[in-house]
Structures are given as structure tokens and as C-alpha cells.
Amino acid sequence: MSTIVDKFRISGGRPLHGRVSISGAKNSALPCMAAALLTPETVTLHNIPYVRDIITQRRLLEDIGATVLTPELRTHKITAAHVELFEAPYELVKTMRASVLALGPLLARFGKAKVSLPGGCAIGTRPIDLHLAGFEKFGAEVKLESGNVVARAPSDGRLRAADIHFNKVTVTGTENVMMAATLARGTTTLHNAAREPEIVDLADLLNKMGARVNGAGSETIQIEGVESLGGAEHTIIPDRIETGTFIVAAALTQGRLEIKDCRPDHLEGVIEKLRSVGVMIKEVNPTTLEVTCPDGLKAGNVTTEPYPGFATDMQAQYMVLMTQAQGRSEIIETVFENRFMHASELQRMGAQIHIDGRSAIVDGPTMLTGARVIASDLRASASLVLAGLIAKDETLIDRVYHIDRGYEKIEAKLRAVGADIERIIAPVMTAPILEPV
Ligand code: EPZ
């Protein structure tokens, strides 16, 4: 795993050819790992991606008192039999806001939970007010105490089922409240729930544990509370955003990639948009795609939306693609308020991009030239890698720990299909020892 100061050096201009395998979805593994807190029995999860956020989530579970065994790199056996700490500490939450997913399970099983309020991040303020409003509807008392959220169940220690209407679609909000509802007294209905495949994957795991969740993947989810949950074994779905990232890489470099171990049905909105601008995407079988771009790219507008719309996590990658497309494209980001951080770095590489609030106008095609750039958030850093793959000369990307949070060994996967990319592990500077004179 990278250290804070690692960099990527990329020499552009090489078409990618060959086969790449997609890892498990980080954004499914994170809630599924948190779900293990709902039972004292062992939950075994397969196809866990080897990325930084998973390591953080594992540390959180162990701090809380769970044991986590990894009989092999991508299998986690989690047993939360002896939980002593009912909180997610600040130092973990500040590095990974998904730590808030411990709230729902701890509150539901133990009647209490304390989680440091996550700060914002590069892409926006990212409040968790909808998570907390959901817990209050369950009868929990939720207070803010010196930067921490402290939640307590009603006096009998058990949450009460409720009808919960999210006034905004929230992925982890839906996950947190759905997990809490599994042990509540009565039947809960979630309205305007998130519909992402990761929600369905979590619901599949919860039902294997003995929960009664119906409707996951639709905007209305019903959860009939049960007395307790047991252990289970589950395989995490493939990462649809990693899949989309490699589709864009194949198209940009004018290569031919076979992308295996993926779920094209989880990426229909993105695949439809990419096909419409000239990317040839062939479904070889239900878990394999073949991607080429023989006739070049044409401009196409896109607006990011909650699933099944065009994923906000693919917006930065699409922006790079449109720098190579013939014509003018407009990209509208509706989910996060500040998710164009990559644009200024791409402009330094020669991209013609004009930002106006939530809208980005991209004119293409433009020749990109290598530069020294800085990653700011997970998907922005992926877009800088994509730009480096096609830029003239050399690109040096700083702060690649952002990309290591959500992409498993991306430089190894890219090198295996012909990219000229290497990780530079910068020596961590230690102060020279001053000899006494
Ligand atoms: C999840 O974040 C993903 N993270 C994000 O992926 C993804 O970009 C996002 O969903 C949208 O698809 C994980 O699943 C771990 P939201 P999440 O709650 O759940 C507002 C990546 O790159 N909101 O769906 O935090 C919020 O500010 C990451 O892997 C509230 O106002 O996103 C945002 O504008 C980045 N109040 C919108 O809703 C709340 O209580 C959607 O946020 C919660 C959210």
C-alpha cells in the first residue's frame, strides 16, 4: 500500500491491449463489513478489494472490538462477539467518512453509538443529517457532543420501526438506516431510497444473516425487524466504477481491452452514454466486456444523477474522454457541490474546459501534454491517470494515496495491458542528524 508521498510517473501515447480483471466494489465492501457488527456470529466476505479504505474500515472494526481474520488477501472473516467500544473515533472518521456506517449497526444491536461527525472533503460538505434524522424516527435520541454524534435507543434499548422519507437520495444514508431497521421492533419502510447495486448487495448479505429486507434496488425498501441476526458468507459484487474507468482507458488510448469479472448490468446508464459518443462496448458474456473505439469520439452532454442515472463517480473520467471528442460537451454535476477539482489540473495539461458553477463545458479534441499534477480526491486522481495515458511526454501525479483508497493496484493492472506507468516511492525525508560540533 502506498505511503503519503508516493507518485505515479506516466509516459503517454501507448494504446492499451489485453485483459484486465475487475476487483470487488469498495462501496459495497464498506457497508457489508459494517453489517458484521449486527451479530456476534462470524460474517465471511469474499472478493474484498485490497484498497486503503478497506484497511481503514478493518482498523475501525478491530478498535470497536471485533476480530477480523483474513485467511487470504481478499477474504475477511469478521466476528463482533465482544464489542467493548461503541464508537468510531475521530482519527479514523476524518480519514474515511464511510466510518459513519458503524452508527446504524451499533445503535441497533447495543442501543448506543458514538461517531465523530465526519468533516467535509474535497468534493463537498457531505453532511449526515439524513442518517441522523432516520435514527431519530426510530425513537433514538441523537445529540451532538463536542464534534461527536451520540445516539441512544429508547429506554427499552430497542429501536422502533418507522416510515422514513429521505428528502434527498443518499447512498450511505440508505445503508445506515436499512441496517438499523433490521433489528427494530416492527416493519420499517424507506421512501426515496438510493437504488445503487451496492444497496442491493448489502440487502442480500443482511437477508443471508436472517434479516427481512424487501425492495432493495427500488426507491421503496421494506424491512421487517427481527430479534437477532446470525453469521453468513457473501461475495462482494464487482466494482462498477473501476469497470467504467477501464472502459474509458481503452477508448482514450485507442486500444482494445477485455474487461473481465465485471457486471455490465450494474453500469447500464454509463455504458449507454459511452456508446452514444462512439465507444464500442461489446458484451462477450454476462461478466466480460470488450472495448474499442475505432471511429473516434464525438461530443456528448451528460448530467450526473443517482443510480440508475450517470454516476457522479464517473464524471471526472468522462470529462477526460470529452477532451478527446470532436465538438463541445456540457457536463452537469448535480450530486456534489464541488466535484470539478480535476478540471484545473486537466487545464494545466492543455484541456479546454470552462467551469461555471455546476456546469463544465469541454471543447475537443485537444492534445494533452504531460505535466506535474496533484490528485485531490479518489475519482479526480483516476482522471489524471487517464489523462497521463494519452498526454504527450511525461506526467507526474502527486498524492496518489487518493487513488489507492479505491483502486486496487491500478498501476500494475495498467502496466499489464501496455501502459508505461510506474509508482515512485519517494523517500520519507527525515531531518539530517546534526553531529555535535
Ligand atoms: C456514496 O457517498 C459513495 N461512497 C460515494 O463514492 C458516491 O460518490 C456517492 O455515494 C454518490 O453516489 C460510499 O458509498 C462509501 P450520498 P455518500 O449520501 O453516501 C447529500 C467514491 O468515489 N447528503 O449519496 O456519502 C450529500 O452532501 C465515493 O467512492 C446530505 O445532504 O453520498 C450529497 O450532495 C465518493 N445529507 C448527496 O446527498 C446526508 O445526510 C449524495 O450523497 C447525506 C447526503
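You'll find the structure just up there.
First things first, this report covers the structure right here in the doc.

Moving on, we get to the site of the ligand. Lining the immediate environment of the ligand, one finds 21 residues, of which D129, T170, T172, D313 and V335 sit closest. In the environment of the ligand, an oxygen atom lies 3.0 Å from a nitrogen or oxygen atom belonging to the side chain of K26. A distance of 2.7 Å separates an oxygen atom of the ligand from a polar side-chain atom of T170. Mapped onto the shell around the ligand, the elements with two or more residues apiece are α1 (26-35), α5 (129-137), α6 (171-181) and α12 (378-390). By residue number, the principal contributor to the shell around the ligand is α5, which donates three residues. For the shell around the ligand, the class distribution of residues is eight nonpolar, five polar and eight charged.

Counted under the stated rule, the structure contains 26 salt bridges. Salt-bridge contacts for K26 lead to D53; the nearest nitrogen and oxygen are separated by 3.6 Å. Of this pair, K26 sits in helix α1 while D53 sits in helix α2 (residues 52-64), placing them 27 residues apart in sequence. Judged by relative accessible area, D53 falls into the buried class, the value being 3%. For the salt bridge of D404 with R423, the shortest nitrogen-to-oxygen distance reads 2.8 Å. On the criterion of sequence distance, the pair formed by D404 in helix α13 (residues 401-404) and R423 in strand β24 (residues 420-424) is long-range, its members being 19 residues apart. Connected via shared salt-bridge partners are D6, D404, E411 and R423.

Here is what the cut-offs are and how they apply
Residues numbered from 1 in each chain as written. Predicted model: local features only at pLDDT ≥ 70, side-chain atom pairs only at ≥ 80, totals over all residues. Heavy atoms only, no water. Near = heavy atom within 4 Å. Polar contact = N/O pair within 3.5 Å; in protein donor to acceptor, adjacent residues only side chain to side chain. Helix = DSSP H or I, 4+ residues; strand = E, 2+ residues; numbered from the N terminus. Nonpolar A, V, L, I, M, F, W, Y, C, P; charged D, E, K, R; others polar. Salt bridge = Lys/Arg side-chain N within 4 Å of Asp/Glu carboxyl O. Buried < 20%, exposed > 50% of the residue type's maximum accessible area, 1.4 Å probe, protein only.

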